[in-house]
2 protein chains.
Amino acid sequence: MKENTAQEKKKRVSKPVIKRLPRYRRFLGELMKEGVERISSAKLSELMGYTASQIRQDLNNFGAFGQQGYGYKVDFLYEQIGNIMGLDKEYYIIVVGFGRLGQAMAGYIDQYEKQFKIAGIFDVPDKASSIEFKDVYVSDMDSLKAFCKKHRVDMAVLTVPRSEAQHACDTVVDAGIKGIWNFTSVDLKLPEDVYCENVHMSDSLHELSYHLNE
Amino acid sequence: MKENTAQEKKKRVSKPVIKRLPRYRRFLGELMKEGVERISSAKLSELMGYTASQIRQDLNNFGAFGQQGYGYKVDFLYEQIGNIMGLDKEYYIIVVGFGRLGQAMAGYIDQYEKQFKIAGIFDVPDKASSIEFKDVYVSDMDSLKAFCKKHRVDMAVLTVPRSEAQHACDTVVDAGIKGIWNFTSVDLKLPEDVYCENVHMSDSLHELSYHLNE
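Residues numbered from 1 in each chain as written. Chains lettered and ligands numbered in written order. Predicted model: local features only at pLDDT ≥ 70, side-chain atom pairs only at ≥ 80, totals over all residues. Heavy atoms only, no water.

Engineer: Please clarify how the layout of surface pockets should be interpreted in this entry.
Structural biologist: The rolling of a water-molecule-sized probe over the atoms marks out the regions of remaining empty space. Approximately 990 Å³ is the volume found for the second largest pocket. What lines the second largest pocket is a set of 31 residues, among which A:Ser185, B:Arg26, B:Phe27, B:Glu30 and B:Lys33 lie closest to the centre. Counting residues per element, the ones that place at least two in the lining of the second largest pocket are α9 (201–212) of chain A together with α2 (15–33), α3 (41–48) and α6 (100–112) of chain B. No other element matches α2(B), which puts 9 residues into the lining of the second largest pocket. The class makeup of the residues in the lining of the second largest pocket is 10 nonpolar, 8 polar and 13 charged. (1 Å grid on protein atoms, 1.4 Å probe; cavity = no way out; pocket = protein on both sides within 12 Å on 5 of 7 lines; lining within 4 Å. Points joined across faces, edges and corners; volume = space filled by probe spheres on them. Helix = DSSP H or I, 4+ residues; strand = E, 2+ residues; numbered from the N terminus. Nonpolar A, V, L, I, M, F, W, Y, C, P; charged D, E, K, R; others polar.)

Engineer: How should the nonpolar core be read in this particular structure?
Structural biologist: As a rule of thumb, nonpolar side chains are buried together in soluble globular proteins. Counting residues in hydrophobic clusters, the biggest one holds 94 residues, and the most contacted among them are A:Trp181, A:Met201, B:Trp181 and B:Met201. If near-sequence neighbours (up to four positions away) are discounted, A:Met201 is found in contact with A:Leu101, A:Phe183, A:Ser185, B:Met105, B:Tyr108, B:Trp181, B:Phe183 and B:Met201. (Core = buried A, V, L, I, M, F, W, Y, C linked by side-chain atoms within 4.5 Å. Buried < 20%, exposed > 50% of the residue type's maximum accessible area, 1.4 Å probe, protein only. Contact = heavy atoms within 4.5 Å.)

Engineer: Explain the relation of the copies chain B and chain A to me, please; I cannot follow it from the model alone.
Structural biologist: Look at the two chain copies: a rotation about an axis and a shift along it is all it takes to match them. When chain B is fitted onto chain A, the two copies agree to an RMSD of 0.0 Å after a turn of 180 degrees and an axial shift of 0.0 Å. Each copy turns onto its partner about a two-fold axis. Residue by residue, 100% of the interface of chain B is reproduced at the interface of chain A, so both copies engage with the same surface. (Least-squares fit on C-alpha atoms with pLDDT ≥ 70 in both.)

Engineer: Before we go on, may I ask you to explain the sheet that holds strand β9 (residues 195–198) of chain A in this structure?
Structural biologist: Within a beta sheet, neighbouring strands are joined by backbone hydrogen bonds and run either parallel or antiparallel to one another. Residues and elements named next belong to chain A. If you walk across this open sheet you meet the 7 strands as β5-β6-β4-β3-β7-β8-β9, and the pairing is mixed. Two strands bound the open sheet, and with one partner strand each, they are β5 (132–133) and β9. Bridge count between strand β8 (residues 179–182) and β9: 4 bridges; the pairing is parallel. Considered in β9, the bridge of Asn182 is made with Asn198. Each of β3 (91–96), β7 (155–158) and β8 is contacted by helix α8 (residues 165–174), which is oriented at about 170 degrees to β7, the strand it contacts most. (Pairing = 2+ DSSP bridges. Axes fitted to C-alpha atoms, helices over the stretch in contact; angles between N-to-C directions.)

Engineer: Whenever I open this one, the packing of helix α6 (residues 100–112) of chain A against α6(B) confuses me. Can you help?
Structural biologist: Helix-helix packing: each pair is described by the crossing angle between the helix axes and the interaxial distance. At their nearest, the axes of α6(A) and α6(B) sit 8 Å apart, and the two run at 150 degrees to each other. As the angle between them shows, α6(A) and α6(B) are arranged roughly antiparallel. Relative to α6(B), α6(A) is oriented so that their crossing is left-handed. The segment α6(A) lies against α6(B), with A:Arg100, A:Leu101, A:Gln103, A:Ala104 and A:Gly107 engaging B:Arg100, B:Leu101, B:Gln103, B:Ala104 and B:Gly107. Per-class residue counts for the contact of α6(A) with α6(B) are 4 nonpolar, 4 polar and 2 charged. (Parallel < 35°, antiparallel > 145°, perpendicular 65-115°, else oblique. Left-handed = near helix turned anticlockwise from the far one by under 90°.)

Engineer: Mind showing me how you'd approach the interface of chain B and chain A here?
Structural biologist: Often, the extent of an interface is quoted as the loss of accessible area on bringing the components together. Tallying the contact residues gives 54 residues for chain B and 54 residues for chain A. Summing both partners gives a buried area of about 5300 Å² for chain B against chain A, and 63% of it is carried by carbon and sulfur. Looking only at chain B, the three residues that lose the most surface to chain A are B:Arg26, B:Leu205 and B:Tyr210, adding up to 13% of its buried area. Of the charged contacts in the structure, one is a salt bridge between B:Asp187 and A:Arg26, with a shortest N-O distance of 2.2 Å. Scanning the region where chain B abuts chain A turns up 24 residue pairs in polar contact (both at pLDDT 80 or more). Mapped onto the side of chain B that touches chain A, the elements with two or more residues apiece are α2, β3 (91–96), α6, β8 (179–182), β9 (195–198) and α9 (201–212) of chain B. (Buried area = accessible area lost by both parts, 1.4 Å probe. Salt bridge = Lys/Arg side-chain N within 4 Å of Asp/Glu carboxyl O. Polar contact = N/O pair within 3.5 Å; in protein donor to acceptor, adjacent residues only side chain to side chain.)

Engineer: For this particular structure, what's the right way to read the packing of α2(B) against helix α5 (residues 74–84) of chain B?
Structural biologist: Residues and elements named next belong to chain B. At their nearest, the axes of α2 and α5 sit 9 Å apart, and the two run at 145 degrees to each other. The two elements α2 and α5 cross, and the hand of that crossing is left-handed. Residue-level inspection shows Leu21, Tyr24, Arg25, Leu28, Gly29, Leu31 and Met32 of α2 in contact with α5, the latter providing Val74, Asp75, Leu77, Tyr78, Ile81, Gly82 and Ile84. Of the residues assigned to the contact of α2 with α5, the class counts are 10 nonpolar, 2 polar and 2 charged.

Spatial relationships are all this shows, so hold off on functional conclusions.
Given below as structure tokens:
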């Protein structure tokens, strides 16, 4: 299977499958670290808690057929899924809001997400320039649009307070950015050509409290 | 509908519905802030992007029937969902790992999650005591179990580095804590009676990169 095939196939992949792919990739990455070269759908099923038939169905979606009695090649599948997720490319990302959470996310990206480069950091004027991260200074929000005209920016991480979320989002959209990683807990109003991935802390915490009461 | 009814009903509620409930509650909370007193499933559908029929089905699950031509009472439904999620109670939570992410999460909980009280903070010895959050000092991980014997602790937020994730998890489980909010990006090995809610940053970021390439 070549990357082209993966690119062609991915148009038909459903949303729930897309949601599961990063998890497959994570598990496969762990297996690679442990030196595992191939794995059956039955064994993957044990590890991941999906049924073997669901795994076969999911992976068939993009043409990664396991072989009877051989299973899947771990490194090939890891790379294949990475390509499908677009992780064979680099992305330039700006951090908007540089409080504790913004700093944590910048640190996370810098340490763990090698394909994602921190291009710029923005905050309100009194925070701008007073701090820096690695060799990136924190700039005034007002300069965001001009910055995006000069530099390639693919995504913005939004970590501003709730009250400023929609305004920061509008600024980012106005600057032409098409991908938003949203940590503000606000459901943002967006044009159709901008994709927003939400990390709703409260949803996750409240699910935990639900399960503690089961 | 009384809380008892909600408690009885929730046993039969499916996992995807549970996953949607915090989102319903968030939207209802916004409507309350805007002074909206009642809402139809059609209007909720417009706001939330679920179909009206799915909304009616979801909410019927725990006995919150909308009335024809009247719709749902917003504050009642908000409270009802909160009760189902266990948000009518208080929870005592410890933060394990007090780097940037641990500090960000402590700040988030303190500011936005009033039912969740920060009971303690733990980190490795050289970080312990050197910092504090509000009136809580950072204690040595070695004292975690003893702390949990003395104080009520319902949950632990895990924000330690990946390499220490399983060890920190084992410590928390050994101390008798039954709920883990896991930010370590590691799929933890857990006994069956411990519930773990994972926030996998990378899954969410990689989904974003997927959609940027669509």
